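Residue-level listing of the chains:
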Amino acid sequence: MKPTENYTNIPEDFKNFKAEVKVASPGRINLIGEHTDYNQGFVMPSAIDKKIHFKFRKNDSDNSARIYSETFEIYVEFDLNKISKSNNSWENYLLGVIDEIQKSGKTLTGFDCIINSELPIGAGISSSAALECGFAGGLNSLFSLNLSQMDIVKLSQRAENNFVGNNCGIMDQFASVMSRKEHFIKLDCESLEAEFIPAEIQNCKLLLLNTNVSHNLADSEYNTRRQECENAVAIIQQKYTEVKSLRQVTFEMLEEFKEKIGATGLKRCRYVLEENNRVQESEKALRSGDLKALGKLMYASHRGLQHQYEVSCNELDFLVDFSEDESFIYGSRMMGGGFGGCTINLIETNKIDDYVEKVKKAYQEKFNIIPTAITVVPDEGTQITKV
Ligand code: GLA
């Protein structure tokens, strides 16, 4: 059965919704380490203080999932025995999670859920991982499914890979679930070992500037980049059989196989190796309180994404270029998959208001689009409360 949508007829009994489980599921930022997660490299994300809120309760049915999005004002019903893809992409994040829970041998019975989101969509702060992980975490608690946090991270990633069709890495789901307040996670995406680094950014804040564009290249180019990296690995593996991913590849190996890999593949791979090094350097800069050094690494990351990995766009480049002349902005870079979404800026706190006004005006003059600005704080991962 396809989900039935109804924009107005919310069931009468949703008006007095007594939740059994409440979930606050955060979006994420990524300080540095972009497009490295699916190459088994390093990333440095954190959950943020902006979230999707869920309320769950069981209903009396065996197989009816009734879900209301307050944000979209959309009501949907799914038959848990007949889960199939929807034409409405946001529903597929939920359907994918249900599907993965069922595939893992767990049983769900009827439930109701209300969703309310503070997260802008397409802004590069991973509202999708927040939706998947919050939904999975809530069902885990409601039905005592005994899934670990790591199960939820992996299951949510699989939901996105298999059901939504985005071949994403693990960074977003890991950050949304596992983060700690006022820390960045330095995550090794190969071993999944995480180090929590205090987010001591002194007189600065993290400012997100949303381009408010989302070019539709994003999904196809994302999967293409992934493929380009995997193709290079396959070439190198023919001689160096121990190589499993770009993580084990060195600059010398790239040099050795540069003819076979080709100019484009080479640019992509070099970027990934350099970005992994930048994450390592950023950890040092952050731990020693050298925010200027950290900022330089952020700029270098952006330039790599712009020129070598080629996942930026004019709007993002404009925002980064604009910040570069300001001594009170230490670093700025595009964040997330690219082709739109937002930049993350490390900026002195007392300069934020004036700068936001200035950059908004300039951006609007250039693109005739009003950008949005929010400051974010590294925050804890998914919070689940049994009521
Ligand atoms: C998206 C994906 C992540 C990651 C980033 C790029 O957010 O979901 O897995 O690959 O892009 O760093």
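Residues numbered from 1 in each chain as written. Predicted model: local features only at pLDDT ≥ 70, side-chain atom pairs only at ≥ 80, totals over all residues. Heavy atoms only, no water.

1. Observations regarding the sheet that holds strand β10 (residues 204-214)
Within a sheet, neighbouring strands are paired by backbone hydrogen bonds and run either parallel or antiparallel to one another.
Then step 1. The 4 strands lie next to each other as β11-β12-β10-β13, forming an open sheet whose pairing is antiparallel. Pairing within the sheet leaves two strands with one partner each, and these edge strands are β11 (329-334) and β13 (372-376). Neighbour-to-neighbour, the strand axes of the sheet open up by a mean angle of 20°, direction not taken into account.
Then step 2. Pairing between β10 and β13: 5 bridges, direction antiparallel. Its bridge partner being in β13, N210 is matched across the sheet by T372. (Pairing = 2+ DSSP bridges. Helix = DSSP H or I, 4+ residues; strand = E, 2+ residues; numbered from the N terminus. Axes fitted to C-alpha atoms, helices over the stretch in contact; angles between N-to-C directions.)

2. Section: the pairing of strand β12 (residues 340-348)
Then step 1. Taking burial as the measure, the 9 residues of β12 include 9 buried ones, the bulk of the element.
Then step 2. In this sheet, β12 lies alongside β10 in antiparallel orientation, the contact comprising 8 bridges. From the neighbouring strand, L206 faces β12, where its bridge partner is L346.
Then step 3. By the bridge criterion, 5 bridges tie β11 to β12 in an arrangement that is antiparallel. Its bridge partner being in β12, I329 is matched across the sheet by I347.
Then step 4. Between β11 and β12, which follow one another and run antiparallel, lie 5 residues, and G336 among them has a positive phi close to 90°. (Buried < 20%, exposed > 50% of the residue type's maximum accessible area, 1.4 Å probe, protein only.)

3. Considerations on the pattern of salt bridges
Then step 1. Scanning all chains against the criterion turns up 36 salt bridges.
Then step 2. We note a salt bridge from E34 to R333, for which the minimum N-O separation is 2.5 Å. Here R333 lies in strand β11 and E34 lies in the loop between β2 (21-30) and β3 (42-43), a separation of 299 residues in the sequence. The two residues E34 and R333 agree in class, both being buried.
Then step 3. Of the charged contacts in the structure, one is a salt bridge between R226 and E230, with a shortest N-O distance of 3.3 Å. With R226 and E230 both in helix α5 (residues 217-237), this residue pair falls 4 residues apart, about one helical turn. (Salt bridge = Lys/Arg side-chain N within 4 Å of Asp/Glu carboxyl O.)

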